[in-house]
Amino acid sequence: MKRTRIGAIDVGTTKVCTIMADTDGSIGGTRILGVGIVPSHGLQKGMVVNVNEAKESIRDSIRKAEQVAGFKLESAFIGVTGRHVVSSNNRGAIAITRGDQLVRPTDLRRVLEVAKSVKVPGDRKLLHVIPRTYMVDGQEGVKNPIGMHGFRLDVETHIITAAVTSIQNLTKCIRGVGIEIDDLVLEPLASAESVLSDEERQTGVILADIGGGTTDIAVFKDNTIYHTSVLPVAGHLITRDISVGMGLSFELAEEMKKKYGNVMPNQEEATDETLTQDGHSVSYHDLSEIIRIRVDELIRLIVLELPHTDYAKLVPSGIVLTGGSANLPGIAELGMDVTHLPVRVGAPVNLYGVSDTLRDPAYATGVGLLMWKLRNEDANDIREKQSDTGLRRFMSGFFRLFK
Ligand SMILES: Nc1ncnc2c1ncn2[C@@H]1O[C@H](COP(=O)(O)OP(=O)(O)OP(=O)(O)O)[C@@H](O)[C@H]1O
Ligand SMILES: [Mg+2]
């Protein structure tokens, strides 16, 4: 069977991760062929603030991945995040005017076109228009209306827009290193692909990707996206708290956090042991306390982002934490204490090929960017295409596979 090459670049606040793979169109049939991870420069809170610096990091990351894969990366799926991303739920409706009143695939396309024609201000760009559910003649909750009879078809969509300037800075970096953009994908949607189970999406779950600069949130319910948002609070703030609170440089604070950080130290450990690093001594108790207070607050902020306060009913599967900061020991326990919901840490699953380094929560977005396309191919997602040629090349390969 013919295989198609695909690529993904997660341009994060702390690292750039390029993944190259080939696929037969299924997740199980996707093999990772090259991975390139480098520290990122020129980014703040998920956004490019220095194009030249960011470009260099991206270039380095691609070069590394290409060396492993043994071929050149031509195009890739790119993640988008930042406080400028705004999401809302919207509706579109059309009349079914043909004599037999039968809903056909063309009607689905038509109603999505209507939903997509929402007014977006000139400084914003439509990133995703994702159909959530359909309604036929007022009958709600229809997952697939094709073949039903009716006079009127409504669609409920989740719409995500982003600031044009932020997108331009990002796309400039990617195109500047000679890579075509297959599509721009909101990062929490990507992360969800690599760490959530179908069951979690069905019953209701919050996915929180706690990175360096941002915490990306996506809520799923009834197998569809319910809510997305981005908080400008994540690992960097934890490190800054340690740095300010203990009088350490940012670098040393970061080192201490990763080496000793624990939000739920057990009692013996918490009785004040002294930690020494590069000639600086800090109390283990104080370090844990500083981290715990910030993470406690962050978890509260995550659930406050939910549109409903009846959390147990909305998200019975609770919270799945991912992103580099989900590596903090004790974070799931603290999450359960604070929210009284089930909480687990999620790392990418279903990986094949040269993928060992990717089995870490920090790579949920990168891996998810690859999977997102495979999963959403038939979901009627009519995202605005960023680069028609790249996407078309990819899609035509795809359709050939299925013919
Ligand atoms: N073992 C660890 N303990 C605590 N924090 C950790 C650990 N490992 C990584 N981190 C933190 O994870 C953060 C980086 O996570 P990640 O790689 O997901 O971010 P990013 O994708 O670069 O950034 P963003 O998604 O915010 O743009 C850093 O703040 C880092 O300190
Ligand atoms: Mg990230």
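Small disclaimer: the values here were computed from a predicted structure and weren't measured.

### Let's talk about the site of ligand 1
Okay, so step 1: As a matter of local geometry, ligand 1 sits amid 20 residues, with Thr 13, Thr 14, Gly 213, Glu 254 and Lys 257 nearest to it.
Okay, so step 2: Between ligand 1 and the protein, one listed contact pairs an oxygen atom with a backbone N or O atom of Gly 213 at 2.7 Å.
Okay, so step 3: Between Glu 254 and ligand 1, the recorded distance is 2.4 Å, taken from a side-chain N or O atom to an oxygen atom.
Okay, so step 4: Alone, ligand 1 offers 650 Å² of accessible surface; in the complex the protein occludes 91% of this.
Okay, so step 5: For the shell around ligand 1, the elements supplying multiple residues, two or more each, are helix 6 (235–246) and helix 7 (250–260).
Okay, so step 6: For the shell around ligand 1, the leading source of residues is helix 7, giving three residues.
Okay, so step 7: Of the residues contributing to the shell around ligand 1, the split by class is two nonpolar, 14 polar and four charged.

### Remarks on the domain arrangement of the protein
Okay, so step 1: If you check the domain split of the protein, you get domain 1 (86–163) and domain 2 (235–289).
Okay, so step 2: For domain 1 versus domain 2, the distance between C-alpha centres works out to 51 Å.

### Thoughts on the nonpolar core
Okay, so step 1: Core analysis: the biggest nonpolar cluster contains 62 residues, and Ile 9, Ile 58, Leu 189 and Leu 358 have the highest contact counts within it.
Okay, so step 2: Each residue touching Leu 189, except ones within four places of it in the same chain, is listed here: His 128, Ile 130, Ile 160, Phe 220, Ile 225, Thr 228 and Trp 372.
Okay, so step 3: Core analysis: the next-biggest nonpolar cluster, separate from the first, contains 42 residues, Ile 238, Leu 287, Ile 290 and Ile 331 among them.

### Section: the environment of Gly 212
Okay, so step 1: With respect to the helices and strands, the residue Gly 212 is situated in the loop between strand 12 (205–210) and strand 13 (215–221).
Okay, so step 2: Taking the relative accessible area as the measure of exposure, Gly 212 reaches 15% and is therefore buried.
Okay, so step 3: Taking the C-alpha atoms as reference points, Gly 212 and Ile 238, 26 residues apart in sequence, are found 9.1 Å from one another.
Okay, so step 4: When sequence neighbours within four positions are dropped, the list of residues in contact with Gly 212 reads Thr 14, Ala 234, Gly 235 and His 236.

### Looking at the sheet that holds strand 2 (residues 15–23)
Okay, so step 1: The strand order 3-2-1-6-11 describes an open sheet built from five strands, whose pairing is mixed. Two strands in the sheet have a free side with no partner beyond their single neighbour: strand 3 (30–39) and strand 11 (180–186). Strand after strand, the sheet turns through a mean of 20° between neighbouring axes, direction not considered.
Okay, so step 2: Against the sheet, helix 3 (residues 164–176) touches strand 1 (4–11), strand 6 (75–80) and strand 11, its axis set at about 145° to strand 11.
Okay, so step 3: Packed onto the sheet, helix 12 (residues 364–376) meets strand 1, strand 2, strand 3, strand 6 and strand 11 and runs at close to 140° relative to strand 1.

### Quick notes on the sheet that holds strand 17 (residues 319–322)
Okay, so step 1: Spatially, five strands are ordered 14-13-12-17-18 in an open sheet, and the strand pairing comes out mixed. Single-partner strands in this sheet number two, and they are strand 14 (224–231) and strand 18 (343–345). Across the sheet, the axes of successive neighbouring strands diverge by a mean angle of 20°, strand direction being ignored.
Okay, so step 2: In the sheet, strand 12 pairs with strand 17 via four bridges, with the strands oriented parallel. Each residue of the ladder has a partner; that of Ala 208, found in strand 17, is Leu 321.
Okay, so step 3: The strands touched by helix 9 (residues 284–304) are strand 12, strand 13, strand 14 and strand 17; relative to strand 12, the strand with the most contacts, the crossing angle is about 135°.

### With respect to the packing of aromatic side chains
Okay, so step 1: Under the counting rule described, the total for this entry stands at zero aromatic pairs.
Okay, so step 2: Over the ring of Phe 71 we find Arg 5, and its NZ or CZ is 3.6 Å from the ring centre.
Okay, so step 3: We note Arg 201 situated over the ring of Phe 220; from NZ or CZ to the ring centre the distance is 4.8 Å.

### As for the state of the cysteines
Any covalent bond linking the sulfur atoms of two cysteines counts as a disulfide.
Okay, so step 1: Scanning all chains against the criterion turns up zero disulfides.
Okay, so step 2: Here Cys 17 stays unpaired: no disulfide links it, and the sulfur of Cys 173, its closest cysteine neighbor, is 17 Å away.
Okay, so step 3: With a relative accessible area of 0%, Cys 17 lands in the buried category.
Okay, so step 4: What makes Cys 173 buried here is its relative accessible area of 0%.

Cut-offs applied
- Throughout this description, residue numbers start from 1 for each chain and increase along the sequence as written.
- Lettering of chains starts at A and numbering of ligands starts at 1, both following the order in which they are written.
- Reporting of local features is limited, given that this is a predicted model, to residues whose pLDDT is at least 70; pairs of side-chain atoms are given and counted only at 80 or more, and all residues count toward the totals for whole chains, interfaces and linings.
- Water and hydrogen atoms play no part in the side-chain values, which are based on all heavy atoms of the structure.
- The criterion for a residue being near a molecule or strand is simple. One of its heavy atoms has to lie within 4 Å of it.
- Each polar contact in these results corresponds to two N or O atoms within 3.5 Å; when the atoms are within protein, one needs to be able to donate a hydrogen and the other to accept it, and residues that are neighboring in sequence are counted only if both atoms are side-chain atoms.
- The method behind every accessible area is Shrake-Rupley, applied with a 1.4 Å probe, and residues are considered shielded solely by the protein chains displayed.
- Strands here are runs of E lasting at least two residues and helices are runs of H or I lasting at least four, both read from the DSSP assignment and numbered beginning at the N terminus.
- Each residue receives one of three labels: charged for Asp, Glu, Lys and Arg, nonpolar for Ala, Val, Leu, Ile, Met, Phe, Trp, Tyr, Cys and Pro, and polar for the others, Gly being one of them.
- Residue ranges assigned to each domain were obtained from an automatic or database domain assignment.
- The criterion is simple. A nonpolar core is a set of buried Ala, Val, Leu, Ile, Met, Phe, Trp, Tyr and Cys residues joined through side-chain atoms within 4.5 Å.
- For every residue, the accessible area obtained with a 1.4 Å probe (protein chains only) is divided by the maximum for its type, and the residue is called buried under 20%, exposed over 50%, and partly exposed between those limits.
- Here, two residues are considered to be in contact whenever any of their heavy atoms come within 4.5 Å of each other.
- DSSP calls a pair of strands paired once it identifies at least 2 bridges connecting them.
- Working convention: axes come from line fits to C-alpha atoms, limited for helices to the stretch in contact. Angles between N-to-C directions cover 0 to 180 degrees.
- In summary, the pairing rule links any two rings of Phe, Tyr or Trp, Trp by its six-membered ring, whose centres are within 6.5 Å, and it sorts them by plane angle into stacked for under 30 degrees, edge-to-face for over 60 and tilted for everything else.
- Two conditions define a charge sitting above a ring: the NZ of Lys or the CZ of Arg must be within 6 Å of the ring centre, and it must be within 35 degrees of the ring normal.
- Counting rule for disulfides: a pair of cysteine sulfur atoms within 2.5 Å.

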